[in-house]
Amino acid sequence: MIRLSHVYGVVPSRRLGRSLGICTIPFKTCNYSCIYCQLGRTTNMTNTRQTFCPPEEILSEARRFIEAHGEESFDVVTVVGEGEPTLYKPLDSIVNGLRELTDKPLVLITNGSLLFERSLREEIMDFDIVMPTFDAIDEESFRKINRPFGKLRYKRVYNGLLEFSKEFKGEIWLEVMLVKDYNDSDKSLGELKNRIELLAPARVYINVPARPPAEENVEIPEEETLRYARSLLKAESIENLPVSSFTTSEKKALDAVIEIIKRHPMSEKDIKSFVEAEFNEESVGDLLKRLSKNPNVEKNSYRGKDFYRYILAGRRSGG
């Protein structure tokens, strides 16, 4: 079997259903190092857009997956990275190529940091849904929460998102990650409300750091605060949405789990359910032991659960 390095899943998405993932960038390549990132701290910090690999290399993998599994195996195709996918160019080549392979909706998940670049906005205009993250209210909170590449400034990033919201013909689904004592005060929520109203997204989702974050001091806001935020921002909570099961094209359970946790850390419960459903013959206990011995896998305890996520060997991802 030919291994896929850019295409993965199908991954369950609380907002999108069954998502076929398309990764356009190398592992942990980003222009942010968000304190709440479930993949840990950014290890390849850059703000330069580049062609990390030929578009046809990515599209060839997507073609092979769809030919092998059929379009009925997924609900959407999601361009998302183990970092920030808009650092890849040319994204319009990816969009156009995917359009030839499937009629399913095309989704871009992004931190929205580079939308002030007209060339990028033009490249992503043909997505059906763009899902930017929006957490900060000013330069200070931007630096504390998102920890951006040095040249990025809050005002320019927000204005780029505002400009894109006026031009884009598809739907913008905005995600607000709330972190206790960082952006969950009445003042912060009020400022977020004002800025979001100007963006006029089709949907607003509130997310919380439900998996091990990059930094140990990151906590989930109180439930009363979250209820108030949902009402104020006219938002839905991602954690309250139903979720389906992971599926994979990998033939070995260990390979399948590792490919998933590169993009989506899994709890022991997630791994057990996934392996039992997809690999009946596999011993979950043995697999967890092998995961724990893998130098590229990190085990974290968070909120009473044990999670596994991928790291670069020798470089701990947070804490």
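In this text, all values refer to a predicted model and were calculated from it rather than measured experimentally.

## Re the packing of aromatic side chains
Then comes step 1: All chains considered together, the criterion is met by 7 aromatic pairs.
Then comes step 2: Ring plane angle 65° and centroid distance 5.9 Å describe the contact between Phe142 and Tyr154, whose orientation is recorded as edge-to-face. Taken as a pair, Phe142 in helix 4 (residues 139-145) and Tyr154 in helix 5 (residues 154-167) lie far apart in primary sequence, 12 residues in all.
Then comes step 3: Where Trp173 meets Tyr205, the ring centres are 6.0 Å apart and the plane angle is 55°; that geometry is what we call tilted.

## So, helix 8 (residues 253-261)
Then comes step 1: By the criterion of burial, helix 8 is predominantly enclosed, with 8 of the 9 residues buried.
Then comes step 2: Looking at helix 8, one finds that the buried residues are Ala253, Leu254, Ala256, Val257, Ile258, Glu259, Ile260 and Ile261.
Then comes step 3: Buried-residue contacts for helix 8 involve strand 11 (266-267), helix 9 (268-278), helix 10 (284-293), strand 12 (297-302) and strand 13 (305-310).

## Side note on the packing of helix 6 (residues 186-199) against helix 7 (residues 223-233)
Then comes step 1: Two elements in contact, helix 6 and helix 7, have axes whose closest approach is 10 Å; the angle formed by their N-to-C orientations is 25°. Regarding the angle of helix 6 to helix 7, the classification is roughly parallel. As for the relative orientation of helix 6 and helix 7, their crossing is right-handed in sense. In this structure, helix 6 uses Asp186, Leu189, Gly190, Leu192, Lys193 and Ile196 to contact helix 7, whose residues at the interface are Thr225, Tyr228, Ala229, Leu232 and Leu233.
Then comes step 2: Split by residue class, the contact of helix 6 with helix 7 holds 7 nonpolar, 2 polar and 2 charged.

## Comments concerning the packing of helix 9 against helix 10
Then comes step 1: Orientation of helix 9 relative to helix 10, taken along the N-to-C sense of each, is 125°, at an axis distance of 10 Å. As summarised for this structure, helix 9 and helix 10 are arranged oblique, according to the angle between their axes. At the point where helix 9 passes helix 10, the crossing takes the right-handed sense. Residues Glu268, Ile271, Lys272, Val275 and Glu276 of helix 9 touch helix 10, and the partners they reach there are Val284, Leu287, Leu288 and Leu291.
Then comes step 2: Of the residues that constitute the contact of helix 9 with helix 10, the class distribution is 6 nonpolar, no polar and 3 charged.

## A word on the sheet that holds strand 7 (residues 129-132)
Then comes step 1: The strand order 1-2-5-6-7-8-9-10 describes an open sheet built from 8 strands, whose pairing is mixed. Single-partner strands in this sheet number two, and they are strand 1 (7-13) and strand 10 (236-237).
Then comes step 2: As paired elements, strand 8 (residues 171-177) and strand 9 (residues 203-207) share 5 bridges and run parallel to each other. In the sheet register, Val176 faces strand 9, and the bridge partner there is Ile206.
Then comes step 3: On top of the sheet, helix 1 (residues 55-69) reaches strand 1 and strand 2 (17-22); it is set at about 65° to strand 1, its chief contact.

## Some thoughts on unusual backbone geometry
Phi is mostly negative for residues that are not glycine, and the peptide bonds are mostly trans.
Then comes step 1: Residues Lys89 and Pro90 are joined by a peptide bond in cis, for which omega reads 5°.
Then comes step 2: Tracing the backbone shows Pro90 in the loop between strand 5 (76-79) and helix 2 (91-101).
Then comes step 3: The residue Lys234 is not glycine, and still its phi comes out positive at about 55°.
Then comes step 4: Within the secondary structure, Lys234 sits in the loop between helix 7 and strand 10.

Each value, and the rule that gives it
- Residue numbers here run from 1 along each chain, matching the order of that chain's written sequence.
- Reporting in this predicted model follows two pLDDT cut-offs: at least 70 for local features of residues, and 80 or more for side-chain atom pairs to be given and counted; totals over whole chains, interfaces and linings ignore these cut-offs and use all residues.
- Hydrogens are left out, water is left out, and the side-chain values use all remaining heavy atoms of the structure.
- Within 6.5 Å between ring centres, the rings of Phe, Tyr and Trp (the latter by its six-membered ring) count as paired, and their orientation is classed by plane angle as stacked under 30 degrees, edge-to-face over 60, tilted in between.
- Only DSSP runs of H or I reaching four residues or more are called helices, and only runs of E reaching two or more are called strands; each is numbered from the N terminus.
- Whether a residue is buried, partly exposed or exposed follows from its accessible area with a 1.4 Å probe, protein chains only, as a fraction of its type maximum: under 20%, in between, or over 50%, in that order.
- By the convention used here, residues are in contact when the closest approach between their heavy atoms is within 4.5 Å.
- What counts as an axis is a line fitted to C-alpha atoms, over the stretch in contact for a helix, and the angles between N-to-C directions run from 0 to 180 degrees.
- The cut-offs work like this: below 35 degrees is roughly parallel, past 145 is roughly antiparallel, 65 to 115 is roughly perpendicular, and the gaps in between are oblique.
- Here a crossing is taken to be left-handed if its near helix is turned anticlockwise relative to the far helix by less than a right angle, and right-handed if that turn runs clockwise.
- Polar here means any residue outside two lists: the nonpolar Ala, Val, Leu, Ile, Met, Phe, Trp, Tyr, Cys and Pro, and the charged Asp, Glu, Lys and Arg; Gly therefore counts as polar.
- Pairing between two strands is assigned when DSSP locates at least 2 bridges connecting them.

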